[in-house]
Amino acid sequence: MRRESLNKTSLLYRDGPWAFILLLPSILGFLIFVLFPVIASFLLSFTSWDLLTPIKWVGFENYINLFQDETFIKVFWNTIYFTVVTVPIGIIISLFLAVALNQKIRFIKFYRAAYFLPVISSMVAVAVVWQWIYNPEYGLLNYILSLFGIDGPSWLSDTKWAMPAVMITSIWKGLGFNMLIFLAGIQGISENYYEAADMDGATWFKKFLYITVPLLRPTTFFVTVMAIIGSFQVFDAVFLMTQGGPARSTSVLVHYLYQNGFQYFKMGYASAMAYILFFLVLTFTVIQFSLQKKRGEV
């Protein structure tokens, strides 16, 4: 035992400095670009600062003003609306896609790559394509609707339809990622379960309902948590397609945070908003973990 302890100690002294040297770039990157900004923004949330004048300590004034800000309340509920709609729809569609793309058919690899392609595509390119699709005069969507005698709306400039239009784009872009996670989960399920179900004469739907869905609960939990976090952080689709309009019908928390920080130069106010968003995401994540823990799956 003593010799083993001495060997471990000598190994630590011999390899420890090299390990520290190799890890140093990552450690410095974390400290400079993650930890320091997090601490600095937390302190800034209790101040008033416009980048030009000296920093002024205001205490909890920014947090109090946030909940008296009608625009913040509006974008807060827009964010909740976006999350409540996009997360379940995106998960359900991606799950069915994963099941469909788990079949042994020709060109299956091509189909999988095609559905994953939007995930790795630039959001700028995606926004340009969907803006053309939504164009009220010569867009593809309104053209298809006109074939059925339906007069399509001005999707991105209508307060009623702008948010659903952004949601559709966001769901479409994120389907491939969730689909890939579900596909990996499905392929991890033993074929013995399905063979036993076939012997009992189970239909495809019953196998999906009583085998696939229950055994995918850990995967579904992961996808749900990641989807909720991503939906609360949505920004690029809103910024590129609508700029938060019309009449802030598509403005969300991160978009309003960006405006306060980098357009209005209210750094303290924007930092307070960032921490409200952080605690909101943390709350939903903790709730998800608590529910999963009660089921004994975490």
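Naming follows an unreviewed UniProt entry, where the protein appears as Sugar ABC transporter permease of Lederbergia citri. Regarding the protein, the relevant UniProt record gives this comment under Subcellular location (unreviewed entry): "Cell membrane".

Considering the environment of Thr 169
Position of Thr 169 among the secondary structure elements: in helix α7 (residues 162-187). For Thr 169, a relative accessible area of 0% translates into the label buried. Each C-alpha atom, one on Thr 169 and one on Phe 110, is 22 Å from the other, the two residues being 59 residues apart in sequence. Each residue touching Thr 169, except ones within four places of it in the same chain, is listed here: Met 123, Val 126, Trp 130, Tyr 134 and Met 241.

Brief notes about the UniProt feature "transmembrane region" (unreviewed entry) in the protein
Cross-referencing UniProt, the feature "transmembrane region" (unreviewed entry) maps to residues 20-44, 80-101, 113-133, 161-187, 208-232 and 272-291 in the present numbering. Secondary structure content for residues 161-187 is 96% helix and 0% strand, while the C-alpha to C-alpha distance between its ends is 38 Å.

Section: the packing of helix α5 (residues 123-134) against α7
Look at α5 against α7: their axes get within 11 Å of each other, and the N-to-C directions meet at 135°. Considering the angle they form, α5 stands oblique to α7. Crossing of α5 over α7 shows right-handed handedness. Contact residues: Met 123, Val 126, Trp 130 and Tyr 134 in α5; Ala 165, Ile 168, Thr 169, Trp 172 and Lys 173 in α7. Of the residues assigned to the contact of α5 with α7, the class counts are seven nonpolar, one polar and one charged.

Examining the pattern of salt bridges
If you walk through the whole model with that rule in mind, you get one salt bridge. Between Lys 207 and Asp 198 there is a salt bridge; the shortest N-O distance is 2.8 Å. On the basis of relative accessible area, Lys 207 is assigned to the buried category, the value being 17%. When its relative accessible area of 43% is taken as the criterion, Asp 198 is described as partly exposed.

Here's the deal with unusual backbone geometry
With an omega of -10°, the peptide bond between Gly 245 and Pro 246 qualifies as cis. On the secondary structure map, Pro 246 appears in the loop between α11 (236-241) and α12 (253-262). For Gln 243, which is not glycine, the phi torsion reads 60° and is therefore positive. Structurally, Gln 243 can be placed in the loop between α11 and α12. Even without glycine at this site, Arg 248 takes up a positive phi of about 60°.

Parameters at a glance
Residues numbered from 1 in each chain as written. Predicted model: local features only at pLDDT ≥ 70, side-chain atom pairs only at ≥ 80, totals over all residues. Heavy atoms only, no water. UniProt positions renumbered as here; feature names shortened; annotations may be inferred. Helix = DSSP H or I, 4+ residues; strand = E, 2+ residues; numbered from the N terminus. Buried < 20%, exposed > 50% of the residue type's maximum accessible area, 1.4 Å probe, protein only. Contact = heavy atoms within 4.5 Å. Axes fitted to C-alpha atoms, helices over the stretch in contact; angles between N-to-C directions. Parallel < 35°, antiparallel > 145°, perpendicular 65-115°, else oblique. Left-handed = near helix turned anticlockwise from the far one by under 90°. Nonpolar A, V, L, I, M, F, W, Y, C, P; charged D, E, K, R; others polar. Salt bridge = Lys/Arg side-chain N within 4 Å of Asp/Glu carboxyl O.

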